Amino acid sequence: MKVWINLLVIFIVQLVAIPSVAITPSDDLLIAGAARTRLWVDDLYISNPGAAPVTVNVMWLVRNQANPDPITRTFSIDPKATLILADVILETFGVERGNGAFRITSDGGEVIANLIAVAVIEDENGSRTFGSGFEGIPTSEATTAGQTTTLMGIVATSRFRTNLFATAGATGVTMELDLLDPWGPVIDTATVTLEPYEPWLSEITNLWDINELVNATAAVRVTSGSVVIFGSKIDNHEMSQD
């Protein structure tokens, strides 16, 4: 289902993987994490901040595989208008259960994009709604070979855990992920290689040889290719987007 509004909608989200501090317009964006599960449903917002109409191509990238020819849907967006694709994975792409990412390209001007993921939890405490936001990151701002990006506030406890999301660029990526304790020493290192436009998610306890830690930092060193990567802090109530 798609909905149009003639307002510029901007959702401010916290990302630590790239230097942007606000939603950034581009003609080639990656939203590195998306899922439709028994708990989570995603709504995709794409805004045209310019003075001319734009055409956008929205591509669904399936997790844990290369995506050289992804399923693509095309839309036109008027000046200053926002395209809203509610429950985008099911309603736009026909996928009832899926994990992956989105690539959004545009012709005629730059756009901004944000994914809002919402979960409704039913338990002994009643019905509760949780949400998180995933910003569209320009591919030009991805971390590339020879560069390092930093993820902070990494945690693994009985209450919370950190998940890492990433999507590789056009040539894939190989990256070394150093886990640092708050005082600087390296606790463990992992190597991850992804194919072109491959989305990836990992709980940190599956990536590094750890059981519990608080306020750690990851230094992500890209040795080839490019990647958009970020972390999310998840309550250990059954809320993971996987």
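Residues numbered from 1 in each chain as written. Predicted model: local features only at pLDDT ≥ 70, side-chain atom pairs only at ≥ 80, totals over all residues. Heavy atoms only, no water.

K.L.:
Teacher, can you tell me more about the overall build of the chain here?
P.N.:
The secondary structure content of the chain amounts to two helices and 16 strands. For the chain, the proportion of its 242 residues judged to be buried stands at 52%. Residue pairs at least 24 apart in sequence account for 79% of intrachain contacts in the chain once pairs closer than 6 positions are excluded. Total accessible area on the chain stands at roughly 10900 Å², and carbon and sulfur atoms take up 50% of it. (Helix = DSSP H or I, 4+ residues; strand = E, 2+ residues; numbered from the N terminus. Buried < 20%, exposed > 50% of the residue type's maximum accessible area, 1.4 Å probe, protein only. Contact = heavy atoms within 4.5 Å. Areas by Shrake-Rupley, 256 points an atom, 1.4 Å probe, with all protein chains shown as cover.)

K.L.:
Mind showing me how you'd approach the side chain of Thr-82 here?
P.N.:
Looking at where Thr-82 falls in the secondary structure, it is placed in strand S6 (residues 82–85). Reaching out from Thr-82, the side chain makes a polar contact with the side chain of Ser-47 at a distance of 2.6 Å. (Polar contact = N/O pair within 3.5 Å; in protein donor to acceptor, adjacent residues only side chain to side chain.)

K.L.:
How should I be thinking about unusual backbone geometry in this particular structure?
P.N.:
Most peptide bonds take the trans configuration, and most residues that are not glycine carry a negative phi. One non-glycine residue, Asn-64, lies in the positive phi region at around 65°. Position of Asn-64 relative to the elements: it lies in the loop between strand S4 (54–62) and strand S5 (71–77). According to the relative accessible area criterion, Asn-64 is exposed, its value standing at 52%. One non-glycine residue with positive phi stands out, namely Asp-87, at about 45°.

K.L.:
What is the right way to look at the packing of aromatic side chains in this model?
P.N.:
Each aromatic ring pair is described using two quantities: the centre-to-centre distance and the angle formed by the ring planes. The final tally for this structure, using the stated rule, is five aromatic pairs. Each ring, one from Phe-93 and one from Phe-102, has its centre 5.8 Å from the other, and the planes form 45°; the classification is tilted. Taken as a pair, Phe-93 and Phe-102 share a single burial class, namely buried. One aromatic cluster is present, formed by Trp-60, Phe-93 and Phe-102 through successive ring pairs. (Phe/Tyr/Trp six-rings, centres within 6.5 Å; stacked < 30°, edge-to-face > 60°.)

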